[in-house]
Amino acid sequence: MPNEENSVVSPDHTPPTVIPDHVPPELVKPYPLLVGETTYEDPFKTIIPKMHAQTPVLYGPHAWLGMENAWVFCREKDVRAIFMDTEHFTSEGFSPFAKLIGENWAVLPVEADPPMHRGFRNVLAPELTPAKVAALENQMRSAARFYIEEFKSDGGCDVMEDFAARFPVSVFLNLFGLPLEEVDQFMAWEFDLLHSSDMTSIAGTMKAVKTRLLDEMRVRKEKPGNDLISHIVHAEHQGRLLTEDEAFGICFNLYLGGLDTVTTNIAWQLRHLANDIELQESLRADESLIPVAVEEMLRAYASVAISRTCIKRVEVGGVTLMPGDRVMLSTSLASNDPVAYPDPTEIKLDRAQRHLSFGTGIHNCVGVRLARRELVIALEEFLRAIPTFKLAPDAKILTHLGNVMYQECVPIVW
Ligand code: HEM
């Protein structure tokens, strides 16, 4: 039963929230990585280490997507345990997008639980194998070169606007068989869906994205091409064709999961290199170190937070969770846990390559091979084309916290 006296007002003055009785009052604390919060600090060097120093677990008002209260675990072992546990936690209903436009399709496979999950994941897995990713190599490399060429002789650029945002969108459009002229439109939609706090605007964008993708899905249903949309609309699940809602849910998962994440990671990695000239020069001198560096920076700058809902009473990290309890799984916190990774803010190329940036368990990122390849190609091409670079002296970088740790700009000079 909720305890009315045990209610708190969140720091952003949103309405008071009721804290259930099973939550120890001393664990009710603001969640600093709340959706909608921003900072000019580097959160990986300030907010996250501070959270680790303060508590291994908290119950944060509005921590669940800025709406409901949620448990937040800081320790890698607790986050890993929840990622692995489909008996006590469901992934259902964590995306607000369908509800926002009064519909009820699911984002698939990420919002499906076992046993349904596997069939939906099997639609995508054969399209994202090492061989399929290798076949995209030339296209990805020439897209990276194309964008770098545009600013190469300018002596500086905004990594976000000029490169990190555009490159993954072009890879996605190519996978989906959509024209590259739509890069700016898809970038704008993506930013609005994931970083706007204006619900009316998000709902309008959601409708526009749905209309655009559905139009294309219907065309490919009649006239299939050699692209992912055509594959998805003709895919089978449990011996039948996917429904239009299911096929859309899968296309939308790729859109949501495959763009912002790569963009964000490219930007954090180039920002790190702009501040760490020694590492930058080592990678330029020996490209064989780039995949290892990418992996270690994926850990240190893990940027995604994922949600779950408890469906069966369970103990995690010394606290009891009850059915209905929401949980935010911050890969940023987990991958910077000093217990799991000594000196977590330091980039050490000889660390064991194990982190939670791509999640783990049945929902672990199905696009992981493509993502890694995009990140490696991005760094290889950037370091080949651009001489020693550093952050612009007047750089003021605003980071949006929340589900993806997104920087508005990363100005660099060379
Ligand atoms: C650096 C880039 C990326 C990061 C950090 C990332 C991170 C993640 C994480 C943490 C999950 C687990 C979600 C959960 O447990 O609920 C996930 C799942 C997923 N990712 Fe990625 N991702 C990236 C790139 C991509 C790309 C490029 C694609 C598509 C080509 C993609 C498609 C997906 C899909 C479809 C799922 C759901 C898998 C399932 O539920 O079985 N991701 N990703």
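Every value quoted in this text rests on a predicted model; they were computed, and no experiment measured them.

> Explain the sheet that holds strand 3 (residues 38–39) to me, using residue names and the numbers behind them.
Within the open sheet, the 3 strands sit side by side as 3-15-16. Their pairing is antiparallel. Edge strands, defined here as strands with exactly one partner in the open sheet, are strand 3 and strand 16 (406–407). For strand 15 (residues 399–400) and strand 16, the ladder comprises 2 bridges, and the chain directions are antiparallel. Across the sheet, residue His 400 finds its bridge partner in strand 16, namely Tyr 406.

> If you had to explain the nonpolar core to someone new, which residues and values would you point to?
If you look at the biggest cluster of nonpolar residues, it comprises 113 residues, and the most contacted ones within it are Val 72, Val 159, Phe 167 and Cys 251. Apart from the residues lying within four places of it in its own chain, the contact partners of Val 159 are Ala 164, Ala 267, Leu 270, Val 410 and Ile 412.

> Let's hear about the sheet that holds strand 17 (residues 411–413): which residues, and what values?
Read across the open sheet, the 3 strands follow the order 7-17-14; overall the sheet is antiparallel. Of all strands in the sheet, those bounded by a partner on one side alone are strand 7 (156–158) and strand 14 (390–391). Sheet analysis places strand 14 next to strand 17, joined by 2 bridges and oriented antiparallel. The residue bridging Lys 390 from the neighbouring strand is Val 413, located in strand 17.

> Explain the environment of Lys 390 to me, and be specific about the residues and the numbers.
Mapped onto the fold, Lys 390 is located in strand 14. In this structure, the C-alpha to C-alpha distance between Lys 390 and Arg 369, residues 21 residues apart in sequence, is 29 Å. Dropping the residues within four chain positions of it, Lys 390 is found in contact with Ala 274, Ile 277, Ile 412 and Val 413.

> A description of helix 8 (residues 166–176) should follow, citing residues and the corresponding values.
Extensive coverage of helix 8 is indicated by the burial of 10 of its 11 residues. Of the positions making up helix 8, those classed as buried are Arg 166, Phe 167, Pro 168, Val 169, Ser 170, Val 171, Phe 172, Leu 173, Leu 175 and Phe 176.

> Please provide a residue-by-residue account of the site of the ligand, values included.
Around the ligand there are 26 residues in total, and Gly 258, Gly 359, His 363, Cys 365 and Gly 367 lie nearest to it. Residue assignment for the shell around the ligand shows that the elements contributing at least two residues are helix 4 (116–124), helix 12 (244–258), helix 13 (260–275) and helix 17 (368–385). Ranked by residue count, the leading element in the shell around the ligand is helix 12, at 4 residues. Taken together, the residues that form the shell around the ligand break down as 14 nonpolar, 11 polar and 1 charged.

> Could you give me a rundown of the packing of helix 15 (residues 290–300) against helix 17, with the residues and numbers involved?
For the pair helix 15 and helix 17, interaxial distance at closest approach is 10 Å and the crossing angle is 115 degrees. Crossing of helix 15 against helix 17: the hand is right-handed. Residues Ile 290, Pro 291 and Val 294 of helix 15 form the contact with helix 17, whose own contacting residues are Arg 372, Leu 375, Val 376, Leu 379 and Glu 380.

> Could you give me a rundown of the packing of helix 13 against helix 17, with the residues and numbers involved?
One can describe the packing of helix 13 onto helix 17 by two numbers: an axis separation of 10 Å at closest approach and a directional angle of 40 degrees. As helix 13 runs across helix 17, the sense of the crossing is right-handed. Here Thr 261, Val 262, Asn 265, Ile 266, Gln 269 and Leu 270 of helix 13 lie close against helix 17, whose contacting residues are Ala 371, Glu 374, Leu 375, Ala 378, Leu 379 and Phe 382.

Rules used in this analysis
- Residues numbered from 1 in each chain as written.
- Predicted model: local features only at pLDDT ≥ 70, side-chain atom pairs only at ≥ 80, totals over all residues.
- Pairing = 2+ DSSP bridges.
- Helix = DSSP H or I, 4+ residues; strand = E, 2+ residues; numbered from the N terminus.
- Core = buried A, V, L, I, M, F, W, Y, C linked by C-beta atoms within 7 Å.
- Buried ≥ 20, exposed ≤ 12 C-beta atoms within 10 Å, placed from the backbone.
- Contact = placed C-beta atoms within 7 Å.
- Near = placed C-beta within 6 Å.
- Nonpolar A, V, L, I, M, F, W, Y, C, P; charged D, E, K, R; others polar.
- Axes fitted to C-alpha atoms, helices over the stretch in contact; angles between N-to-C directions.
- Left-handed = near helix turned anticlockwise from the far one by under 90°.

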